[in-house]
Amino acid sequence: MVELADIKKDLPDWPDDVIEQWLLRLANRADTGWPPPEPFGDHVWKNILGNKPLSWWRKIRWKLEDHDITFEALSAASQKIVSEMLAAHINGARNVYSVWPESKVRFLSLERYVAQHGTYPKPPVAMRLNDGLRIIDGNHRVTVLCCRQAASKKVLKSDGVTPIRHHQIWVGSRMNGEL
């Protein structure tokens, strides 16, 4: 079993919260392990780490920031994920999220949480790209938030609170600024 300390050996400057949310669960899957191979070859870590080797990720610096998290603030790739997840869980469309049973359970659980608190339970993990925030871990959280924001007038008339304006999010950037 991979533990936080195992990953911290390779990413000593990373916040525990980023590792725990994003990498720890994935490192404990049967098809991953830790550390990721370098080079990746066809290993599953290739997709998880965006085809960037661990040596690239070591140079990422994380900062917990307050952001106005809206659909428009997201990168095109993250907007696509939000749209597909909403299509599956709100409109019943058949896609990758509709056939993944855990996705609907997570979506509904987070919907209840955001309805009560106006924000998500933990800050998502993202990278800032030229076209917006690319959500690395926390797509369900961000999708539910965007959904509740879009329905905020209806929310006031039915259940829950209107989502707050600013939310915490872990934003990663390279030390020399390149994307």
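Analysis parameters
- Residues numbered from 1 in each chain as written.
- Predicted model: local features only at pLDDT ≥ 70, side-chain atom pairs only at ≥ 80, totals over all residues.
- Heavy atoms only, no water.
- Salt bridge = Lys/Arg side-chain N within 4 Å of Asp/Glu carboxyl O.
- Helix = DSSP H or I, 4+ residues; strand = E, 2+ residues; numbered from the N terminus.
- Buried < 20%, exposed > 50% of the residue type's maximum accessible area, 1.4 Å probe, protein only.

Colleague: Help me out: how do you make sense of the pattern of salt bridges in this one?
Modeller: Between side chains of opposite charge, pairing is possible as soon as their charged atoms come close. All chains considered together, the criterion is met by eleven salt bridges. Notably, a salt bridge pairs Asp-13 with Arg-61, separated by 3.6 Å at the nearest N-O pair. With Asp-13 in the loop between helix 1 (4-10) and helix 2 (16-27) and Arg-61 in strand 1 (residues 60-67), the pair connects residues that are 48 residues apart, well separated along the chain. Taken together, the salt bridges that share partners define one network made up of Arg-25, Asp-137 and Arg-141.

Colleague: When you look at unusual backbone geometry in this model, what are you seeing that I'm missing?
Modeller: Leaving glycine out, the prevailing phi sign among residues is negative, and the prevailing peptide bond configuration is trans. Each neighbour pair has its own omega, and for Trp-34 with Pro-35 the value is 0°, a cis peptide bond. Mapped onto the fold, Pro-35 is located in the loop between helix 2 and helix 3 (45-48). A cis amide bond, omega 5°, links Glu-38 with the succeeding residue Pro-39. With respect to the helices and strands, Pro-39 occurs in the loop between helix 2 and helix 3. Its identity as a non-glycine residue notwithstanding, Asn-51 has a phi of 60°, on the positive side. Residue placement: Asn-51 occurs in the loop between helix 3 and helix 4 (54-57). The class of Asn-51 is partly exposed, set by a relative accessible area of 48%.

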